[in-house]
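Residue strings, one per chain:
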Amino acid sequence: MTIDGFRGQVITPEHDSYERARRVYNGLVDRRPALIARCLGASDVVAAVRHARAAGLPIAIRGGGHSVAGHGTCDGGIVIDLSRMRGVHVDPADQTAWVQGGATLADVDHETQLYGLAVPTGQVSKTGIAGLTLNGGMGMLQRKYGLTCDNLIGARLVTADGDLVTADEDLLWALRGGGGNFGVVTSFRYRLHRVGPIMVAGLVAYPVEQAGEVLAFLRDFIATAPEELSADAIFQFAPPLEAIPEEFRGRQVVGIFIRWCGEVGRGLEVVRPIQQFGTPVLDFVGPMPLVAVQSLLDPLNPDGNLHYWTGEFLPRFGTKEIDVVAEVGAGLPTRFSIVQVIPFNAAPTRVAADATAFAHREESWLIHVLGQWQDPADTERCRGWAKGAGAALSAVGSGDAYLNLLTDDEETDRVRAFWTDTRLRRLGALKAAYDPDNVFRFNHNIKPVRT
């Protein structure tokens, strides 16, 4: 099969690499597109969109392929695959960068760190920058520099009509948290910050039985900590490392994951109370390159595992909420599963409520429930655990969820509630302007609203 004006690779079910090319990060997602168009540039994206519209094919957009909900693929349609569009062009003079839509966080860091600059991004280096940005972008540097979408200052995208446009202020507002509803973003322009090349980072871990005390300590400590420090709690199974006492290897632990983006000597002083709290079973903290920090959690998130995720913002983090989180975190169903507890304060909460499509700006705590397993026979058990955890958290939560954490597209009420009616009307009007037929619908979908 050929596509007029297309210079990239077209992969159909008869192609030798089809089985490999159709697979995505979440092994639970098993879809068979009619063709996969691996684009080399914006002109290929234009050609692919026009071909799909003419042929009446559904369109899915794949950036880094890391969408846990499987939004980067579809059955019987075309996947516009940007994985070969990974260029990062840094302007060190004005501290900005243009980044192509298929780039990963590792690609971005590799280029920006050449100049001692960084974009605030996520926590796994293989994550695609596109999907992360379009739904918000929480991560390593957020307390100091905000969300990834807060640092988005420009974009070029291909519309449903197959036109390449530069986002105006209204459309840019929508791209800062409105998902992939408005077109195929071929390149993003970001504001950069002076970070690195060396950070202070690592993990201090404790027996899971001490989770309540650890969470209460983190709550009190982070409330007044300098904003250069981001620190999350992580429930996980301890890996078989020499640094961990043998009796704790393979057991559940709760750790505080530390990232300090300021001056190294000052950072070592600031994190010392964390290292001195209690009796940790692991204290792996010190100076390390930013590019290494960005990949610290990669081993916990390998490709091909089966996933079911959910999440909840907790407006308070008192004794009741801590007890619920500690109970959820102590019940991980497999050695791959994780619960992450993320303080949501400082820079992201200073952004005006109506400044971006990303709607949640209140001080709170984001709980990320990550059910992850390898044996398909464990699917119902692990999915049941994640749903049960989500229900327990919703009883003490706000109802808001970070959309990048939602696996289940049936959670439409939570998606709508996140954006609020006023925000949805504005987003719906922009959707009607750029995609009136809802061509781009494999996402947390916004329906066109014609006025």
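Residues numbered from 1 in each chain as written. Predicted model: local features only at pLDDT ≥ 70, side-chain atom pairs only at ≥ 80, totals over all residues. Heavy atoms only, no water.

Trainee: Looking at this structure, how should I read the sheet that holds strand β1 (residues 9-11)?
Mentor: In sheet architecture, strand pairing relies on hydrogen bonds along the backbone and comes in two forms, parallel and antiparallel. Pairing within the open sheet is mixed, and its four strands lie in the order β1-β2-β4-β3. Looking along the sheet, the strands with just one partner apiece sit at the ends: β1 and β3 (59-62). Taking each pair of neighbouring strands and ignoring which way they run, the sheet shows an average axis angle of 20°. When β3 meets strand β4 (residues 78-81), the two strands line up parallel, connected through four bridges. Paired with Ile59 across the bridge in β4 is Ile78. Where helix α2 (residues 42-55) meets the sheet, it contacts β2 (35-38), β3 and β4, and its direction lies at approximately 170° from that of β4. (Pairing = 2+ DSSP bridges. Helix = DSSP H or I, 4+ residues; strand = E, 2+ residues; numbered from the N terminus. Axes fitted to C-alpha atoms, helices over the stretch in contact; angles between N-to-C directions. Contact = heavy atoms within 4.5 Å.)

Trainee: I tried to follow the packing of aromatic side chains on my own but got confused; where do I start?
Mentor: Think of a pair of aromatic rings as described by two things: how far the centres are apart, and how the planes are tilted against each other in angle. With the rule as written, the count across this model stands at nine aromatic pairs. Aromatic pair Phe313 and Phe344: ring centres 5.4 Å apart, planes at 75°, arrangement edge-to-face. Taken together, the positions of Phe313 in strand β16 (residues 306-314) and Phe344 in strand β17 (residues 338-344) put the pair 31 residues apart, joining distant regions of the chain. In this structure, Phe313 and Phe344 share a single accessibility class: buried. Considering the side-chain rings of Phe358 and Tyr402, the 6.3 Å spacing of their centres and the 70° angle between planes classify their relative orientation as edge-to-face. Placement of the pair is Phe358 in the loop between β17 and β18 (364-373) and Tyr402 in the loop between α12 (379-394) and α13 (412-419), with a sequence separation of 44 residues. The burial state of Phe358 is the same as that of Tyr402; both residues are buried. (Phe/Tyr/Trp six-rings, centres within 6.5 Å; stacked < 30°, edge-to-face > 60°. Buried < 20%, exposed > 50% of the residue type's maximum accessible area, 1.4 Å probe, protein only.)

Trainee: Where do I start with the packing of helix α11 (residues 319-329) against α12 in this structure?
Mentor: Angle between the axes and distance between the axes: these two values describe a pair of packed helices. Where α11 meets α12, the axes come as close as 10 Å, and the angle between the chain directions of the two elements is 175°. The angle between α11 and α12 falls in the class roughly antiparallel. In this structure, α11 contributes Val324, Val325 and Val328 to the contact, and α12 contributes Trp385, Ala389, Ala392 and Leu393. The residue makeup of the contact of α11 with α12, split by class, is seven nonpolar, no polar and no charged. (Parallel < 35°, antiparallel > 145°, perpendicular 65-115°, else oblique. Nonpolar A, V, L, I, M, F, W, Y, C, P; charged D, E, K, R; others polar.)

Trainee: Would you take a moment to explain the pairing of β2 for this structure?
Mentor: Along any regular strand the residues' side chains alternate between the sheet's two faces. Of the two faces of β2, the one carrying Leu35 and Ala37 and the one carrying Ile36 and Arg38 are both buried. Across three bridges, the pairing between β1 and β2 is antiparallel. When the bridges of β2 are listed, Ile11 appears paired with Ile36. Both β2 and β4 contribute to a ladder of four bridges, which runs parallel. Counterpart to Ala37 in the pairing with β4 is Ile80.

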